[in-house]
Structure formats: structure tokens, C-alpha cells
Amino acid sequence: MTNPESSGLPPSVVEEDRLRADLYDILAALLARPPARDLIDRVSRLDGDETPLGSAIGALSRVAKASTEKAVEREFNALFIGLARGELLPYASYYMTGFLHEKPLALLRGDMSKLGIARSPDTKDPEDNIASLCEMMAGLILGRFGEPADLTTQRDFYAAHIGPWAGHFFTDLEGAKGSVFYAPVGAIGRIFMEIEREAFRMGA
Amino acid sequence: MTDEKARESRRDFLKLAATGAPAVAVAAVAGGTSADAAVPGGNADGKAAGLRKTEHVEKYLESARF
């Protein structure tokens, strides 16, 4: 693991990396809890171009225009909370081993401590849930946990904790029975994970 | 490919692939609504970092963003 402090990178973050952080942030905001009316409204004002990512953003915007806060909350609960459990379990441990609280969570905790990231006392969810991981990636890119992390650090974190499973999760989210608002969220995540994988392959 | 070249082609690729959404619009959407599950913790090498943001400061910055 590279110490961000010795990376020698300038503190400024280039535009493409800001955009990556923005995408991670919006995924985190939508997946951490049911979005409030204000966030749904802001999502509805988004506009995308003809690229696959742009069309997925456009689709989310259209669905958001037609969604009530209550309906999105019901959908969120059916997908992630449920009576016993939701339709999906958005945890690295579950997707990588079939069980919660397994070795992937332990490895993540080790890396978080190396990178100077602590779990907020406000959350009870295990740290390896998709929203927290997206938030951590955004934080590493922008330097919310210290200096911005260099690309090698970002790539290692992505490869260990997100790359192996997040694409599968977002594909599941896109196709889930209960997904309406969250179907385009799944599409955005799936496409973005492909972009991330390809970009890290090109140079880090 | 040199590191510099690789970095450039990565940036070019991201420009093409990831700019389907206007960055500013997405930033405005996510701003101030962070999932808040991760906060800056102790420093990587364990030494007290003078510039380390405390969770309190982080929360303030989070709420002041936009």
C-alpha cells in the first residue's frame, strides 16, 4: 500500500478524477439510505448524452421525475431491508464468499486502518457495503482522508474490495424484481464499474 | 508505454467514457448528501498528523459544501 503522503502528487485533482469521485458520491448517496425528496429532485434535473453512461443517467432522471419519496423508500426497503432480508445483500463479503462478515470484511478493515479511514459511529452497517465502499473511493480520490490517494493506491483498493463483485451487484440491482428507481442506478453503477476497470488497466 | 503516456491515455479514455453526465450537475446532486459511513481516522503510519481532519470538521465541511 502506498502512503498517500509520499506519492508526490499535486494536491489538485484533475477533472476526470473529480468526475469519478462525483459518480462514486452519487452512488453512495442513493445507496446508503432512501433518498429524500430534495435528492430525488436534484437527480431528476440531471441530463445525460448519448454514451451508455449518459443514457443511464438520463433514464434515472426520467424515473426520478415520476417518483414519489414514499415509493422510492418502499423500493429501497424491499431491495435492501425486507422483512427478514431484502432482495439483495449489497456487501463485498456476501458477494465474494456467500456469507456476511467474512474475510473480505476483515481485509477491508485492515486496509481502512492503513489508509486512515475510520467507520463513522453513526452507522451500524458493516463497512463492506456498497455505499460505504463508493464513499471511500470518492474520499480517496478527493483526499477526504488526508492527501488525495495516488492512482496505485486507488487501483489496489478498487481491485481488492470493489472490482471483484460490484459489477455483479449493480447488474443484480438493475435486474431486481423490486427495481424501478433503482434499475437505472444499477445501470449507472454497472457501466461505471466497467469504465473504472478499463481505466485502471490502462495506467495506474 | 511510459508511465506518462499510460496516464495520458487513461485520462483520454475517461474523458470519452465517463463524461456522459456533466460533472458539475452530478457534483451538485451528491453534494452535502454523503453517505457518511466513512470518516477520516488515524494516520496511516500512526503518527499524529497536524492536518488530519477530525470527524467533526469533516461533518462541518460536508454540510458546508456546494
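Since the model is a prediction, treat every value here as computed from it, not as a measurement.

Here we come to the overall build of chain B. Helices and strands together make up the secondary structure of chain B, namely three helices and one strand. Each helix and strand of chain B, ordered N terminal to C terminal, gives the series α-α-β-α.

On to helix 2 (residues 37-44) of chain A. Residues and elements named next belong to chain A. Along helix 2, the residues that are buried comprise Leu39, Ile40, Arg42 and Val43. Buried residues of helix 2, seen end-on, are gathered within an arc of 165 degrees and therefore sit on one face of the element. Facing away from the buried side of helix 2, by more than 90 degrees, are the exposed residues Arg37 and Asp38.

Most often, soluble globular proteins have nonpolar side chains that are buried together. Residue and element names in this part refer to chain A. One finds Leu27, Ala28, Leu60, Cys134, Met137 and Ile188 to be the most contacted residues of the largest nonpolar core, which totals 66 residues. Broken down by element, the residue count for this core peaks at eleven residues, all from helix 1 (residues 15-32). Contacts of Leu60, omitting those with residues within four sequence positions, involve Val43, Leu46, Pro184, Val185 and Ile188.

Quick look at the confidence of the model for chain A now. The predicted structure's coordinates, where accompanied by low pLDDT, should not be read in detail. A residue-level look at chain A finds 94% of positions with pLDDT of 70 or above and a mean pLDDT of 91. Taken element by element, the predicted model of chain A shows its lowest mean pLDDT in helix 2 of chain A (91) and its highest in helix 9 (residues 166-175) of chain A (98).

A separate point is unusual backbone geometry. The residue His101(A) is not glycine, and still its phi comes out positive at about 55 degrees. By secondary structure assignment, the location of His101(A) is in the loop between helix 5 (92-97) and helix 6 (103-115).

This paragraph deals with the environment of Pro90(A). Residues and elements named next belong to chain A. With respect to the secondary-structure elements, Pro90 resides in the loop between helix 4 (69-81) and helix 5. Using a count of 23 C-beta atoms within 10 Å as the deciding quantity, one classes Pro90 as buried. Aside from chain neighbours lying at most four places away, what touches Pro90 is Leu31, Phe80, Asn129, Ile130 and Phe169.

Let's shift gears to the packing of helix 2 of chain A against helix 3 (residues 52-65) of chain A. Residues and elements named next belong to chain A. Direction vectors running N to C along helix 2 and helix 3 enclose 130 degrees, while the axes themselves pass 7 Å from each other. In this view, helix 2 runs oblique relative to helix 3, as classed from their interaxial angle. Along this stretch, helix 2 crosses helix 3, giving a crossing that reads as left-handed. On the side of helix 2, the interface is formed by Ile40, Val43 and Ser44, while helix 3 contributes Leu60, Ser61, Ala64 and Lys65. Residue classes in the contact of helix 2 with helix 3 are distributed as four nonpolar, two polar and one charged.

A separate point is the packing of helix 10 (residues 182-202) of chain A against helix 1 (residues 3-18) of chain B. Angle between the axes and distance between the axes: these two values describe a pair of packed helices. Axis separation between helix 10 of chain A and helix 1 of chain B bottoms out at 8 Å; the angle between their running directions is 165 degrees. Taken as axis vectors, helix 10 of chain A and helix 1 of chain B run roughly antiparallel relative to one another. Here helix 10 of chain A runs over helix 1 of chain B; the crossing is right-handed. Between helix 10 of chain A, through Ile195(A), Glu198(A), Ala199(A) and Met202(A), and helix 1 of chain B, the contact on the second element is made entirely by Ala6(B), Ser9(B), Arg10(B), Phe13(B), Leu14(B), Ala17(B) and Ala18(B). For the contact of helix 10 of chain A with helix 1 of chain B, the residue count by class is eight nonpolar, one polar and two charged.

Basis of the calculations
Residues numbered from 1 in each chain as written. Chains lettered and ligands numbered in written order. Predicted model: local features only at pLDDT ≥ 70, side-chain atom pairs only at ≥ 80, totals over all residues. Helix = DSSP H or I, 4+ residues; strand = E, 2+ residues; numbered from the N terminus. Buried ≥ 20, exposed ≤ 12 C-beta atoms within 10 Å, placed from the backbone. Arc of directions from axis to C-beta. Core = buried A, V, L, I, M, F, W, Y, C linked by C-beta atoms within 7 Å. Contact = placed C-beta atoms within 7 Å. pLDDT = per-residue confidence, 0-100. Axes fitted to C-alpha atoms, helices over the stretch in contact; angles between N-to-C directions. Parallel < 35°, antiparallel > 145°, perpendicular 65-115°, else oblique. Left-handed = near helix turned anticlockwise from the far one by under 90°. Nonpolar A, V, L, I, M, F, W, Y, C, P; charged D, E, K, R; others polar.

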